[in-house]
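Tertiary structure, described
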Amino acid sequence: MTEASFKRTVLFVAAAASFLGPFMISTVNIALPAIGQYFGADAVTLGWVATSYMLATVVALVPVGKAADIAGRRKVFALGAAIVALFNILVLFSINLSFLIICRVFQGIGGAMIVTTSVAILASVFPPGERGKAMGINTAATYLGLSSGPFFGGILVQNFGWKSIFVTAGALGLFVLYTILRHIKTEWVASKEKPFDILGSFLYVIFLLSFMYGVFLIPQIKSLYFILTGMALSIVFFRYQWVASNPVFNVRLFVDNRSFAFSNMAALINYAATASVAFLLSLYLQYVKNMSPQSAGLVLVIQPAIQAVFSPYAGRMSDKIEPRFIASAGMALTALGLFLLAILKIDTSMSYLAMALCCLGFGFALFSSPNVNAIMSSVSNEYYGIASSSLATMRLLGQTMSLALATAIFSIMLGKEEVSTANIGIFLKSVNLSFVISTITCIIGIYFSYARGEILSHKASNNSD
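Heads up: these notes are all about the structure in this document.

About the cut-offs
- Residues numbered from 1 in each chain as written.
- Predicted model: local features only at pLDDT ≥ 70, side-chain atom pairs only at ≥ 80, totals over all residues.
- Heavy atoms only, no water.
- Core = buried A, V, L, I, M, F, W, Y, C linked by side-chain atoms within 4.5 Å.
- Buried < 20%, exposed > 50% of the residue type's maximum accessible area, 1.4 Å probe, protein only.
- Helix = DSSP H or I, 4+ residues; strand = E, 2+ residues; numbered from the N terminus.
- Contact = heavy atoms within 4.5 Å.
- 1 Å grid on protein atoms, 1.4 Å probe; cavity = no way out; pocket = protein on both sides within 12 Å on 5 of 7 lines; lining within 4 Å.
- Points joined across faces, edges and corners; volume = space filled by probe spheres on them.
- Axes fitted to C-alpha atoms, helices over the stretch in contact; angles between N-to-C directions.
- Left-handed = near helix turned anticlockwise from the far one by under 90°.
- Nonpolar A, V, L, I, M, F, W, Y, C, P; charged D, E, K, R; others polar.
- Expected span 1.5 Å × (residues − 1).
- Polar contact = N/O pair within 3.5 Å; in protein donor to acceptor, adjacent residues only side chain to side chain.

**Digging into the nonpolar core**
One finds Ile35, Leu100 and Met376 to be the most contacted residues of the largest nonpolar core, which totals 89 residues. Element by element, the count of residues in this core is highest for helix H1 (residues 3-39), at 14 residues. For Met376, the contacting residues outside a window of four places in its chain are Val119, Ala120, Ala123, Arg131, Met135, Tyr384, Ala387 and Ser388. Listed in part, the 36 residues of the second largest apolar core include Leu280, Leu360, Phe410 and Ile424.

In structure tokens:
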């Protein structure tokens, strides 16, 4: 296999893995009503089908990223694909909802293993000058999974039942596993002789699990206890990581490496500002515009479709132009798109909404790929695993905080009332307020995106490591 052919194969496998995770999330969300009906589950219990996957993924990202640097990124990637395939297939034998949720937990762990290693492998294979293009294609695959999931998930659930989406995900996992075992023989090990930080991993899982669980409980009073406990444990974790000889998460990167720290902060802010867009607009289109779920889904495809198209080009640009310029422009366009949504009215036209979604999609594309390129190019090969897991953690934390904020605003302004013609005005004000806060958050993110400093000057030195 020639070098060019090897790079294409690696990119294909990484992109397939990046497609699989979001596809699993978005298809399962569509299937939740059918799953609830099958098991006779209430809404709160049913919510854990989606939540358990996200929690398991976010708490596993950093430990498995470090384990991949020590044991080998290909090995951990393949194991993750095997776990995803196995526990998607095991869903067929679900006798109750608890068994399904356990399967979702393992799917999340397997998903974390392939997400964090796929980006690290790409950074290992593609040198500076080519990395941005590769990251752009990989990012496009991620949003292709998000955008196509509801469409294909709806077809599968309607025609073959809800279990068919897990069969499909299992088959995709087996395909990814076969491809990497059959066609990719190279192993990437960055810290072979270093021991794994078991205590640090334990502290990380406990503090993040407590914090995330508390966020999911918002606006309940007990959520505060879990969030404060998580914050207290995070201090213990970071203090321990500062003095540990081989920490699971090198916190000094956030202190000594401005580009790495600010790029991660920009990612966290971007996702915290934008992750609730699809959720809020789905409700707006169905409650205010009286659209069917299928019609609303087709409208919402505009944003991720635009991002999937332009992400590779943005990534390629970031190989030649400082990523902070492109990403900051993308963050500014995203803020503009959020502002356009913040002034939605009952009679807002669909063409106006489509324009706002196009603005968001283009802004996401300009921000995401260059920002990923910046993070991976700001560290040496030894830290590729931790850098990719850090990025994925920022994404999931941001998504969680974004959805939690939107839910809290609804809870405060609407209480437990169902949306109806009597309170549609209050509902719309809740949506507007959510987008106003998101706009302000995104404007703050422009600073971190621009102030990260130069990245291109780092690439040559990192490539020699």
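Right, picking up where we left off after that structure.
**Thoughts on empty space enclosed by the protein**
Tallied over the full model, the rule gives one cavity of 30 Å³ or more. Taken as a whole, the largest cavity spans an internal volume of roughly 50 Å³. What lines the largest cavity is Val10, Val13, Ala14, Phe77, Ser118, Ile121, Ile180, Ile184 and Trp188. Taken together, the elements giving at least two residues each to the lining of the largest cavity come down to H1 and helix H4 (97-125). Top element by residues in the lining of the largest cavity is H1. It accounts for three residues.

**Focus: the packing of helix H15 (residues 350-377) against helix H16 (residues 384-414)**
Two elements in contact, H15 and H16, have axes separated by 9 Å at closest approach and are oriented at 145 degrees. For the pair H15 and H16, the crossing hand works out as right-handed. From H15, Val372, Ile375 and Met376 reach across to H16, where they touch Tyr384, Ala387, Ser388 and Leu391. Considered class by class, the residues forming the contact of H15 with H16 number six nonpolar, one polar and no charged.

**Focus: helix H10 (residues 258-274)**
Spanning 17 residues, H10 covers 24 Å between terminal C-alpha atoms, matching the ideal 24 Å at 1.5 Å per step. H10 sits mainly inside the fold: 15 of its 17 residues count as buried. For H10, the side-chain oxygen to backbone nitrogen distance between the N-cap and Ser259 is 3.3 Å, and the N-cap itself is Asn257.

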